[in-house]
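One-letter residues, chain by chain:
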Amino acid sequence: MKIATAQQMREMDRAAIQERGIASTLLMENAARAVARAAVSVAEARPERPGRPRRAVCFCGAGNNGGDGVAAARFLMEAGMEVRAVLVGRREKMTSDCREMERRLEAKGGSLEDFTPDDPDFACWCLEADVMVDALFGIGLNTPLRGDPLMAVQMMNTCDIPVVSADIASGVEADTGRILGDAVQADVTVTFSLPKAGHFLGEGGLRTGRLTVAEIGIPLDLVLWTESNFYSVCENDVYLPRRERDAYKGNFGRDYILGGSVGYTGAPVLAARAAVRAGAGLVSVGVPEPIWPVVAMKLDEAMPSPLPAGKTGMLSLEATEQILARMNSSDVCLIGPGLGRGNGVASVVRHLLRSAHTAVILDADGINALEGHIDVLEARRGVVTILTPHDGEFLRLGGDLSSGDRLAAARSFAQEHGCCLVLKGHRTITAFPDGSAYVNTTGNPGMAKGGSGDVLGGIILALLGQGMSCREAVPMAVWLHGRAGDLCAEEIGEYGMTPGDLIERLPRVLRECEGKIRELGPQ
Ligand SMILES: NC(=O)C1=CN([C@@H]2O[C@H](COP(=O)(O)OP(=O)(O)OC[C@H]3O[C@@H](n4cnc5c(N)ncnc54)[C@H](O)[C@@H]3O)[C@@H](O)[C@H]2O)[C@@H](O)CC1
Ligand SMILES: [K+]
């Protein structure tokens, strides 16, 4: 799904109103109806208080986000709730649509009160509410919160009553996810037309709660034509390559994994098992000779072969030609899981990258081999090269995270070096050389364990081998990996789940997607 900037949203609203003649108040009421619907369902989930209807407090700013809140107050009244709507801002600053919503609220017997944080009656009333609607600021927020808006945010955050935010949690900057001063901790955010970067990135991603996207009557073509190069993968976007009835194993990829060293036998095994579980046709695994018997014992469905090793139990230079031949007869290769860090191994990896013309995924020690030698990527321009670092590996590659803006950092690295970069972590970012990027929405802290990255590498390998393009396969693999993690968390909990449990759940995750099978487009 596309992610819009604040500027793109303003342009969409403008075009809908000025060019298509849609009343701005209609858009506002549609937005408010979606917010009110969410607030009713949140309130109804709370225990009933016999003898009185459910209560809502709507905190409204003076701008159009506030207008959404004032209109939502009216819809909540119409739904039979007891509602107080408060204006947190100056009356003379109210936009014309916000005023219009106040008139419509008054016509129904409601009112827009001034915000009186020191009034004990108001505070007590709020403590008995079933839901709070946060409509202080939306995409117009541009300076840090102070004064009354800051007090209102703090009140919402300390009351322990569920909060539904209109468009975005107030205090979160829509384009970056930065917190300006302080921000509402929403339980649910109802955004309009398209999600914004601030719903996913940085601290904003943590303040958003459950995100829903409401259609508010902006003509679909305006939404579809909005030129965005930032996306989130959502359930509806996920699909699988078709498996033709007359297919054979060669149709689903000849995949090669190079990894392992003494002390790191598990990493290539996890990657190979994940690839097999993600639909790979043929998976070969090259490991240093000393660990080959162990790896061979663990892998039934993949084909492990021994490679010349040095005294340290890591690959030796002698292995290079044998690996190169293997890589060149494969469709796609994963290099790195458990390879170990040593000068010899690193120079083998760099030689392979310069010489092989096969698509390569570099993970773990495969990435470390580029430390101080990032120019190797230059030799691979035009050949699919995917790097999957976590923050530490990214920094070692020369990536810059000092601004705290992971999206910008990933984008500029991918553009500069002509590779696909998967910056792993909470809300993994996948960036492509053309500047486009995806943010992932699945996954949980139970996946923060050694071995999870090996599983991801195996899934990317399998999807590429089945004919998906890099652009299709990588964001999808990241999503599936996180979804498997979410299933584990649901079933066995975040503490005890292991990377092996992710692999076990992959078939179920893929089964969920089986209704969505597509012919693959041109590569
Ligand atoms: N027709 C439209 O344009 C629609 C707009 N909608 C709503 O309108 C919102 C955007 O409305 P606005 O552009 O009026 O902006 P907001 O309502 O987000 O903010 C209002 C104004 O507050 C001021 N401001 C910024 N930071 C501040 C701070 N820290 N302290 C005090 N004041 C501050 C700015 O001047 C800003 O214009 C959207 O997020 C959405 O909720 C929806 O009703 C759908 C239709
Ligand atoms: K808001």
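Just so it is clear, the structure is predicted and the values come from calculations on it, not from any experiment. (Residues numbered from 1 in each chain as written. Chains lettered and ligands numbered in written order. Predicted model: local features only at pLDDT ≥ 70, side-chain atom pairs only at ≥ 80, totals over all residues. Heavy atoms only, no water.)

(A) Local environment of the pattern of salt bridges. Summed over all chains, the structure comprises 30 salt bridges. One salt bridge connects Asp363 with Lys424, and the closest N-O pair in it is separated by 3.2 Å. Placement of Asp363 in the loop between β14 (359-362) and α13 (365-368) and of Lys424 in the loop between β16 (420-423) and β17 (429-431) is noted, with a sequence separation of 61 residues between them. Using a relative accessible area of 2% as the deciding quantity, one classes Asp363 as buried. For Arg505, the salt bridge identified is with Glu491, shortest N-O distance 3.0 Å. A residue pair is termed long-range when its members are at least 10 positions apart, and Arg505 in helix α19 (residues 499-512) and Glu491 in helix α18 (residues 470-492) qualify at 14 residues. Relative accessible area serves as the criterion here: at 9%, Arg505 is assigned to the buried category. Where salt bridges share partners, they join Glu29, Arg74, Glu100, Arg103 and Arg104 into one cluster. (Salt bridge = Lys/Arg side-chain N within 4 Å of Asp/Glu carboxyl O. Helix = DSSP H or I, 4+ residues; strand = E, 2+ residues; numbered from the N terminus. Buried < 20%, exposed > 50% of the residue type's maximum accessible area, 1.4 Å probe, protein only.)

(B) Here's a closer look at the coordination of the potassium ion (ligand 2). For the potassium ion (ligand 2), the full set of protein donor atoms is Asn65 (OD1), Asp134 (O), Phe137 (O), Ala166 (O), Ile168 (O) and Ser170 (OG), and the range of their distances to it is 2.6 to 3.2 Å. In this structure, the potassium ion (ligand 2) is coordinated by six donor atoms arranged in irregular fashion, with angles at the metal of 68 to 174°. When the donor residues of the potassium ion (ligand 2) are listed from N- to C-terminus, their spacing reads N-x68-D-x2-F-x28-A-x1-I-x1-S. Remark: Ala166 occurs in strand β5 (residues 163-166) and Phe137 occurs in the loop between β4 (131-135) and α6 (147-158); sequence separation between them is 29 residues. For Phe137, a relative accessible area of 26% puts it in the partly exposed group. (Donors = N, O, S within 2.8 Å, 3.2 Å for Na, K, Ca; no water. Tetrahedral: all angles 85-135°; square planar, octahedral: opposite > 155°, others 65-115°.)

(C) Just the environment of Leu387, in detail. Looking at the secondary structure, you find Leu387 in strand β15 (residues 385-387). Classification of Leu387 by relative accessible area gives buried; the value is 0%. Counting along the chain gives 21 residues from Leu387 to Gly366, while the straight-line C-alpha distance between them is 8.7 Å. Here Leu387 is in contact with Leu362, Leu370, Leu377, Leu397, Phe413, Cys419, Cys420, Leu421 and Val422, once residues within four sequence places are set aside. (Contact = heavy atoms within 4.5 Å.)

(D) Just the sheet that holds strand β8 (residues 230-232), in detail. Pairing in this open sheet of 10 strands is mixed, and the strands run β8-β18-β17-β16-β15-β14-β13-β10-β11-β12 from one edge to the other. Single-partner strands in this sheet number two, and they are β8 and β12 (303-307). Strand after strand, the sheet turns through a mean of 20° between neighbouring axes, direction not considered. As paired elements, strand β10 (residues 254-258) and strand β13 (residues 332-335) share four bridges and run parallel to each other. Note that in β13 the partner of Leu258 across the bridge is Ile335. Sheet contacts for helix α17 (residues 452-465): β10, β13, β14, β15 and β16; angle to β13, the most-contacted strand, approximately 170°. (Pairing = 2+ DSSP bridges. Axes fitted to C-alpha atoms, helices over the stretch in contact; angles between N-to-C directions.)

(E) Structural view of the pairing of strand β1 (residues 55-60). Summarising burial for β1: six of the six residues are buried, a large majority. Burial along β1 is two-sided: Arg55, Val57 and Phe59 and Ala56, Cys58 and Cys60, pointing in opposite directions, are all buried. Summarising the sheet, β1 and strand β2 (residues 82-87) pair through six bridges and their orientation is parallel. Paired with Val57 across the two strands is Arg84, which belongs to β2. Note on the crossover from β1 through helix α3 (residues 64-78) to β2: the handedness is right-handed. In terms of strand pairing, β1 meets β4 through five bridges, oriented parallel. (Right-handed = clockwise from strand over helix to strand, strands pointing away.)

(F) The domain arrangement of the protein, seen in detail. According to the domain assignment, the protein contains domain 1 (6-228) and domain 2 (238-518). Here domain 1 and domain 2 share an interface that buries about 450 Å² over both sides, 72% of which is from carbon and sulfur atoms. The largest per-residue losses of area from domain 1 upon contact with domain 2 belong to Phe200, Leu201 and Leu206, which jointly make up 82% of the total buried on that side. Where domain 1 meets domain 2, there are zero salt bridges. Where domain 1 meets domain 2, there are one residue pair in polar contact (both at pLDDT 80 or more). (Domains from an automatic or database assignment. Buried area = accessible area lost by both parts, 1.4 Å probe. Polar contact = N/O pair within 3.5 Å; in protein donor to acceptor, adjacent residues only side chain to side chain.)

(G) Expanded view of the UniProt feature "domain: YjeF N-terminal" (unreviewed entry) in the protein. According to UniProt, the positions carrying the feature "domain: YjeF N-terminal" (unreviewed entry) are residues 9-224. The annotated region residues 9-224 carries 42% helix and 16% strand content, and the separation between its end C-alpha atoms amounts to 12 Å. (UniProt positions renumbered as here; feature names shortened; annotations may be inferred.)

(H) Representation of the site of ligand 1 in the model. The environment of ligand 1 is formed by 20 residues, the closest being Asn65, Asp68, Gly138, Thr143 and Asp167. A distance of 2.6 Å is found between a nitrogen atom of ligand 1 and a backbone nitrogen or oxygen belonging to Thr143. At a separation of 2.5 Å, an oxygen atom of ligand 1 approaches a polar side-chain atom of Asp167. Burial of ligand 1 by the protein amounts to 76% of the accessible area it has alone, namely 850 Å². Of all the elements in the fold, those that place two or more residues in the shell around ligand 1 are α1 (6-19), α2 (24-44) and α3. (Near = heavy atom within 4 Å. Areas by Shrake-Rupley, 256 points an atom, 1.4 Å probe, with all protein chains shown as cover.)

(I) Structural view of the packing of aromatic side chains. Considering all chains together, one arrives at six aromatic pairs under this definition. Ring plane angle 80° and centroid distance 6.1 Å describe the contact between Phe59 and Phe115, whose orientation is recorded as edge-to-face. Of this pair, Phe59 sits in strand β1 while Phe115 sits in the loop between β3 (112-114) and α5 (120-127), and the two are 56 residues apart along the sequence. Its relative accessible area of 0% is what places Phe59 among the buried residues. Taking NZ or CZ as reference, Arg471 lies 4.5 Å from the ring centre of Phe432, over its face. (Phe/Tyr/Trp six-rings, centres within 6.5 Å; stacked < 30°, edge-to-face > 60°. Lys NZ or Arg CZ within 6 Å of the ring centre and 35° of its normal.)

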